[in-house]
Each structure stands twice: as C-alpha cells, then as structure tokens.
Amino acid sequence: MQQEAPAVDTTATDGPEIEIRGLHKSFGANHVLRGIDLDIARGEVVCVIGPSGSGKSTLLRCVNLLEEPSEGRVFVGGTELTDPDVDIDAVRRRIGMVFQQFNLFPHVSVRENLVLPQRRVLGRNKAEAEAVARKNLARVGLSDKSEAYPAQLSGGQQQRVAIARALSMGPEVMLFDEPTSALDPELVGEVLAVMRVLAGEGMTMMVVTHEMSFAREVADRVVFMDGGVIVEQGPAAQVVGDPLEERTRSFLNRILDPAAAEAPGARGEGPPAPPR
Ligand SMILES: Nc1ncnc2c1ncn2[C@@H]1O[C@H](COP(=O)(O)OP(=O)(O)OP(=O)(O)O)[C@@H](O)[C@H]1O
C-alpha cells in the first residue's frame with residue numbers, strides 16, 4: 001500500500017530543504033526579483049515580510065515553479081526544479097501550497113476536496129485516500145465537517161480545509177502565501193493555530209505574511225524583502241524587534257502602528273492590530 005510521506009523525515013538530508021540561488025524574475029520590463037539567495041533548512045519556519053509589490057508572492061511562486069524564474073536556480077530536497085529535465089509534477093507534489101484564496105471545489109464535500117486530488121494526482125485508491133483525508137481533517141480540527149460543503153463553512157474553516165488538502169498530498173515543505181489575509185480578523189487565530197502546530201511538528205515552512213505575531217512567536221527566521229531583494233534577515237527578535245536596516249524599520253513602523261500600541265487597553269507588549 002502506498003504510504004503518505006511523514007510530515008518530517010528526520011533521517012535525511014545534509015543540505016538545505018529549499019535552496020535558492022541567484023534568482024531573478026521579470027514580467028516584461030518589470031524586474032521583480034533581483035538576485036535572491038536563500039537557504040531554508042529542514043524543519044525551519046521562515047516568514048517573508050515586506051511592502052506590497054516587493055516580490056514576496058513571486059518568490060514563493062518561483063519556489064514551486066508556478067512562475068518560471070528568468071534566471072537562477074531553485075532546489076527542493078536536493079532536486080533542482082529549474083533543471084529543464086526534471087519531472088516538475090513529481091517535484092511539485094513534494095511542495096504544499098496554501099493561498100490567500102482557499103480555492104476549494106465548491107460542489108463536493110470537504111472530504112471529497114481532500115480525496116479527489118490524492119486519487120487524481122497520486123493515484124491512491126479510495127480507501128487509502130479516505131484514510132489520509134480523515135487523518136488530516138483531524139489534524140486541522142475539522143473531523144466533524146467532513147460531509148459539509150465549502151460554502152457551509154466559515155472562511156477560517158475553509159482555509160483549514162485547504163491546509164488539510166495540501167497536507168494530504170504528503171508534502172515535504174509547505175508554502176503559505178498570505179494565508180490569513182482574506183479572513184475576518186476573528187478567524188485569523190484558528191488558521192495561525194494550525195500553522196503553529198505544523199511548525200511544532202517540524203514541517204519546513206515558508207510563509208509570506210503580515211502577521212507579525214506569528215513571525216515573532218513561530219518563525220525561526222524572518223526575511224525582509226524590498227524592491228526584489230532581501231534587505232535583511234535573521235531571528236524575529238532581531239529583524240522585527242530591532243532591525244538593522246532603515247528600510248526594515250520604516251516598513252515595520254508603518255505596519256505596527258505605534259498609536260494603536262499605546263491605545264487604552266493595549267498591554268504594551270506584542271504587536272498591535274490591525275494590521276496583524
Ligand atoms: N503574473 C504576473 N504578471 C505580471 N506582473 C506580475 C505578475 N505577478 C506579479 N507581478 C508584478 O510583480 C510585482 C511584485 O508582485 P508580488 O505579488 O510578488 O509582490 P508582493 O510583495 O507579494 O505584494 P503583495 O504584498 O501586495 O502581495 C508587482 O509589480 C506585480 O504587479
């Protein structure tokens with residue numbers, strides 16, 4: 001029987017799980033990524049922050065070749081995605097991606113949203129796909145919604161289904177592109193809680209987010225991008241708490257509104273909201 005890959009394979013490997021070298025991406029005359037070098041270790045959680053248009057989503061999309069880099073190399077688990085001879089579909093299966101929009105199939109149940117991709121893409125039999133679906137719905141706390149349709153769920157629940165769907169494919173790494181940006185504020189926490197559990201399990205994660213609380217509390221490393229380059233990176237306590245670069249500082253000042261931090265009722269610690 002075909003087994004689902006474990007969330008983390010601690011037996012492998014020496015090199016980084018994600019390796020990005022000299023990555024450039026242009027859309028016509030718009031040179032969006034201007035030489036990105038980034039290594040992400042197995043089990044590491046990296047948050048990518050930066051102003052709108054700085055190239056964060058494009059970077060993420062280049063990591064699973066939803067966008068084709070104009071120049072540079074990308075490796076996942078030691079396999080070069082940018083090698084023209086690579087079986088890109090096979091490599092992509094090792095990479096789970098969660099978007100701002102959940103993109104669930106609206107006309108089938110939650111359970112079938114998890115089962116169908118496993119059957120179509122991985123060729124799993126029905127019983128096995130159902131078992132994996134059950135396991136991953138439990139993992140995101142939605143076992144009781146298995147027979148519901150997406151429209152019957154809240155946005156937070158739909159995003160948790162989208163995460164469970166990605167996990168059902170047994171990925172080695174998970175990419176999150178602003179996974180909470182489309183959610184009402186009261187629903188953000190439940191999605192972050194699921195991501196926090198995954199991080200605790202040792203999943204390799206690359207997360208584009210404006211959620212500074214998540215970056216501070218969960219990320220092993222924060223990468224600040226501006227103008228298509230990495231301006232600075234390091235532990236969240238440094239990059240978010242005490243940035244070295246003026247560009248990082250002014251970005252953080254813009255999003256972490258000091259007025260809100262000092263508002264009556266604020267406790268003076270942790271990031272104010274909004275933005276989160
Ligand atoms: N498919 C595309 N075709 C043309 N231009 C694109 C495409 N995707 C992104 N861009 C451009 O690339 C630039 C960077 O966009 P990107 O979405 O990567 O930035 P971002 O940092 O993720 O911004 P945001 O925080 O607003 O999502 C923008 O100027 C955008 O218009």
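One structure accompanies this document, and this report is about it. (Residues numbered from 1 in each chain as written. Predicted model: local features only at pLDDT ≥ 70, side-chain atom pairs only at ≥ 80, totals over all residues. Heavy atoms only, no water.)

Thoughts on the packing of helix α3 (residues 110–122) against helix α5 (residues 155–168)
- Two elements in contact, α3 and α5, have axes separated by 9 Å at closest approach and are oriented at 25 degrees. Accordingly, the angle class assigned to the pair α3 and α5 is roughly parallel. Where α3 crosses over α5, the two elements pack in a sense that is right-handed. Between α3 and α5, the contacting residues are Val-110, Asn-113, Leu-114, Pro-117, Gln-118 and Leu-122 on the first element and Val-161, Ala-164, Arg-165 and Ser-168 on the second.
- Looking at the contact of α3 with α5, its residues break down into six nonpolar, three polar and one charged. (Axes fitted to C-alpha atoms, helices over the stretch in contact; angles between N-to-C directions. Helix = DSSP H or I, 4+ residues; strand = E, 2+ residues; numbered from the N terminus. Parallel < 35°, antiparallel > 145°, perpendicular 65-115°, else oblique. Left-handed = near helix turned anticlockwise from the far one by under 90°. Contact = heavy atoms within 4.5 Å. Nonpolar A, V, L, I, M, F, W, Y, C, P; charged D, E, K, R; others polar.)

What to know about the sheet that holds strand β3 (residues 45–49)
- Taking strand neighbours across the sheet as the criterion, the six strands line up as β6-β7-β8-β3-β9-β10 in an open arrangement whose pairing is mixed. Two strands bound the open sheet, and with one partner strand each, they are β6 (95–98) and β10 (229–234). Between one strand and the next, the sheet's axes are offset by a mean angle of 20 degrees, whatever the strand orientation.
- Alignment of strand β7 (residues 173–177) against strand β8 (residues 204–208), held across five bridges, turns out to be parallel. In the strand pairing of β8, Asp-177 is matched with Val-208. (Pairing = 2+ DSSP bridges.)

Digging into the site of the ligand
- Taken together, 13 residues surround the ligand, and among them Ser-52, Gly-53, Lys-56, Ser-57 and Thr-58 come closest.
- One of the backbone N or O atoms of Gly-55 is found 3.0 Å from an oxygen atom in the ligand.
- A distance of 2.8 Å separates an oxygen atom of the ligand from a polar side-chain atom of Lys-56.
- About the coverage of the ligand: the protein hides 59% of its 630 Å² of free accessible area.
- Taken together, the elements giving at least two residues each to the shell around the ligand come down to β2 (30–40) and α1 (56–63).
- The element that contributes the greatest number of residues to the shell around the ligand is α1, accounting for three residues.
- Here the shell around the ligand is composed, by residue class, of three nonpolar, seven polar and three charged. (Near = heavy atom within 4 Å. Polar contact = N/O pair within 3.5 Å; in protein donor to acceptor, adjacent residues only side chain to side chain. Areas by Shrake-Rupley, 256 points an atom, 1.4 Å probe, with all protein chains shown as cover.)

These figures capture arrangement, not role.
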